[in-house]
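Chain by chain, the residues:
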Amino acid sequence: MARNKVLVAGASGLVGQTAIRQFSHDLEWEVVGVSRRPPMAENERVSYVAVDLLDKEQCKKVFSQMSDVTHLVYAAVTENQDDLRGGWLDKEQMQRNLSMLQNLLEPLLSVAKNFQLMNLLQGGKRYGGHAGKGLDTVNRRELPRNQHDNFYFLQEDYMREQQIKSLQNGHEWHWTIQVPMLIIGDAVGSNLNAMLPLGVWGALKREAGLPLSYPGTGDQRPTQLIDSDLLAETMLWSATASGARDQIFNNTNGDVTSLVDLWPAIADELGMEVEPVEPVSLAEELPKHAEEWAKIVRKYDLVASEDLRAFIGASPTLTDGTLGFSRQSLSRSTPPAFGFSSTLALNQAGFHKWIDSENSVRKWFRRFQERRLLPPRA
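From a predicted model like this one, the values you see are computed outputs, not experimental measurements.

### Remarks on the packing of aromatic side chains
This structure, assessed with the given rule, holds 8 aromatic pairs. Ring geometry for Phe115 against Trp173: centres 5.5 Å apart, planes inclined by 70°, an arrangement best described as edge-to-face. Here Trp173 lies in the loop between α5 (151-168) and β7 (174-180) and Phe115 lies in the loop between α4 (91-111) and β5 (117-121), a separation of 58 residues in the sequence. In this structure Phe115 comes out as buried when scored by relative accessible area, which is 1%. Given the relative accessible area of 1%, Trp173 is considered buried. Feature note: the residues Trp237, Phe249 and Phe351 constitute an aromatic cluster, connected by ring pairs. Sitting over the face of the ring of Trp88, Lys125 holds its NZ or CZ atom 4.4 Å from the ring centroid.

### Comments concerning the packing of helix α2 (residues 56-63) against α4
As a packed pair, α2 and α4 sit with axes 8 Å apart at the nearest point and diverge in direction by 30°. Our classification of the angle between α2 and α4 gives roughly parallel. α2 and α4 meet at a crossing whose hand is right-handed. Contacts between α2 and α4 involve Lys56, Cys59, Lys60 and Phe63 on the former and, on the latter, Asn103, Leu104, Pro107, Leu108 and Val111. Across the contact of α2 with α4, the residue classes break down as 6 nonpolar, 1 polar and 2 charged.

### Notes on unusual backbone geometry
The backbone of Asp246 sits at a positive phi, close to 55°, despite the residue not being glycine. Structurally, the position occupied by Asp246 is in the loop between α7 (228-238) and β11 (247-251). A positive phi angle, near 50°, is found at Asp301, a position not held by glycine. Here Asp301 shows up in the loop between α10 (290-299) and α11 (308-312). Relative accessible area serves as the criterion here: at 52%, Asp301 is assigned to the exposed category.

### Regarding the nonpolar core
If you look at the biggest cluster of nonpolar residues, it comprises 44 residues, and the most contacted ones within it are Val200, Trp293, Phe311 and Phe365. Going through the elements one at a time, β8 (182-184), α6 (195-207), β9 (212-214), α8 (259-269), α10, α11, α12 (315-323) and α14 (357-370) are the ones with two or more residues in this core. Sort the elements by how many residues they give to this core and α6 lands first, with 7 residues. Here Phe311 is in contact with Val188, Gly189, Leu196, Val200, Trp293, Ala304, Ser305 and Leu373, once residues within four sequence places are set aside.

### Comments concerning the packing of helix α1 (residues 16-24) against α7
Where α1 contacts α7, the axes come no closer than 8 Å and their chain directions differ by 55°. Of the possible angle classes, the one that applies to α1 and α7 is oblique. For the crossing formed where α1 meets α7, the hand is right-handed. Where α1 approaches α7, its residues Thr18, Ala19, Arg21, Gln22 and Phe23 are matched on the opposing element by Ser228, Asp229, Ala232, Glu233, Met235 and Leu236. Tallied by class, residues from the contact of α1 with α7 come to 5 nonpolar, 3 polar and 3 charged.

### As for the side chain of Asn150
Among the secondary structure elements, Asn150 is positioned in the loop between β6 (138-139) and α5. A distance of 2.9 Å separates a polar side-chain atom of Asn150 from the backbone nitrogen of Tyr152. Discounting residues that sit within four places of it in the chain, Asn150 has contacts with Met94, Lys125, Arg126 and His130.

### Some details on the pattern of salt bridges
As enumerated under the stated definition, the model contains 25 salt bridges in all. In this structure, Glu269 engages Arg362 in a salt bridge whose closest nitrogen and oxygen atoms are separated by 2.7 Å. In this pair, Glu269 is assigned in helix α8 and Arg362 in helix α14, connecting sequence segments 93 residues apart. Here Arg372 and Asp301 are joined by a salt bridge, their closest N and O atoms 3.6 Å apart. You can see Arg372 sitting in the segment after α14 and its partner Asp301 sitting in the loop between α10 and α11, a full 71 residues away along the chain. Each member of the salt-bridge network shares a partner with another, and the members are Arg21, Asp186, Asp227, Asp229, Lys363, Arg367 and Arg371.

### Focus: the environment of Ala239
Structurally, Ala239 is set in the loop between α7 and β11. Remark: the alpha-carbon pair of Ala239 and His71, spanning 168 residues in sequence, is separated by 7.2 Å. Those residues in contact with Ala239 that lie beyond four places of it in its chain are Phe23, Trp29, His71, Leu117 and Asn119.

### Looking at the side chain of Lys5
Looking at the element boundaries, Lys5 is found in strand β1 (residues 4-9). The class for Lys5 is buried, based on a relative accessible area of 12%.

### A closer look at empty space enclosed by the protein
Evaluation of the coordinates by the stated rule reveals 2 cavities of 30 Å³ or more. A volume near 40 Å³ is recorded for the second largest cavity. Along the walls of the second largest cavity sit Gly202, Ala203, Arg206, Leu270, Met272, Gln369, Pro375 and Pro376, which together make up its complete lining. If one sorts the elements of the lining of the second largest cavity by residue count, α6 sits on top with 3 residues. In terms of residue class, the lining of the second largest cavity is made up of 5 nonpolar, 2 polar and 1 charged.

Conventions we followed
- Residues numbered from 1 in each chain as written.
- Predicted model: local features only at pLDDT ≥ 70, side-chain atom pairs only at ≥ 80, totals over all residues.
- Heavy atoms only, no water.
- Phe/Tyr/Trp six-rings, centres within 6.5 Å; stacked < 30°, edge-to-face > 60°.
- Helix = DSSP H or I, 4+ residues; strand = E, 2+ residues; numbered from the N terminus.
- Buried < 20%, exposed > 50% of the residue type's maximum accessible area, 1.4 Å probe, protein only.
- Lys NZ or Arg CZ within 6 Å of the ring centre and 35° of its normal.
- Axes fitted to C-alpha atoms, helices over the stretch in contact; angles between N-to-C directions.
- Parallel < 35°, antiparallel > 145°, perpendicular 65-115°, else oblique.
- Left-handed = near helix turned anticlockwise from the far one by under 90°.
- Contact = heavy atoms within 4.5 Å.
- Nonpolar A, V, L, I, M, F, W, Y, C, P; charged D, E, K, R; others polar.
- Core = buried A, V, L, I, M, F, W, Y, C linked by side-chain atoms within 4.5 Å.
- Polar contact = N/O pair within 3.5 Å; in protein donor to acceptor, adjacent residues only side chain to side chain.
- Salt bridge = Lys/Arg side-chain N within 4 Å of Asp/Glu carboxyl O.
- 1 Å grid on protein atoms, 1.4 Å probe; cavity = no way out; pocket = protein on both sides within 12 Å on 5 of 7 lines; lining within 4 Å.
- Points joined across faces, edges and corners; volume = space filled by probe spheres on them.

This is the structure in structure tokens:
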């Protein structure tokens, strides 16, 4: 019989669905997934509840019935699909993200008397690069908070306040904040899955009989990836590890890479030859090929949606940023202050797993094909 019960908020998202897979593989855990959208794949060991976290009354009704929850993985987020990057700086959107957490946590804590730990998901925007506040140095968790408007900080401060309030009432619980870099996984309809648009672009090029040119600017822009399976393993570990209590952890695969370096591996998994650089803004170009994508879905009997927008969300905007484009489409962007994120604190706390980013990318492109989200390898 399971000893713990974890509630995963954002169960259909890039992190939530992998967290569900990870926890459900361990018989010590009973798992409940919460999301607005249905999950991509059902799991017989998981109970799913459809909840809009912006609906305060609905949340109160649902979460006030979950008195046996012991842990929370909070990976829910609302994004502006029409202006992904602009939404990160919008104060109203920040408030919506705070309200979502409040609507869940307050009724849950009022009844879950054996609640033990909350995993809160943040991201690289914690360090302020998206707001022009980034540090050209190593992002270490012990650095003072880089003050700027950020919903991460609103949620974090609220969570800390709730922890103190609970402690004053005789209930001690803890938290762990995960700060992943660019997350890669197999979620569909996600606004933050930067790899899936590259797979769609490759499928379109191959179907048209065209070579797979690298669509970025050609800049060797360094980046750090985090495999969503690896991130989920970290969450499972931190749920019970004493060294993870009330700690903030950067999370990466453990290496530094770039999409230019990874492009031959991506092309290989798609069964295509690498061709010279041909800069293309996927955020601008992919919508023009919605009909071609629908034909590909039908031709290869994919389970992917024929609606390209529904399939990839606003993620091409995120992909463009990784490819080196600015918000002004095909103009080269002025690289923001970039800080590599140190995972030393995570290692010192006791988590030592890593994955080579090329192997990680290959795994997910194979997963896209295995799940019939992309056509089979040529």
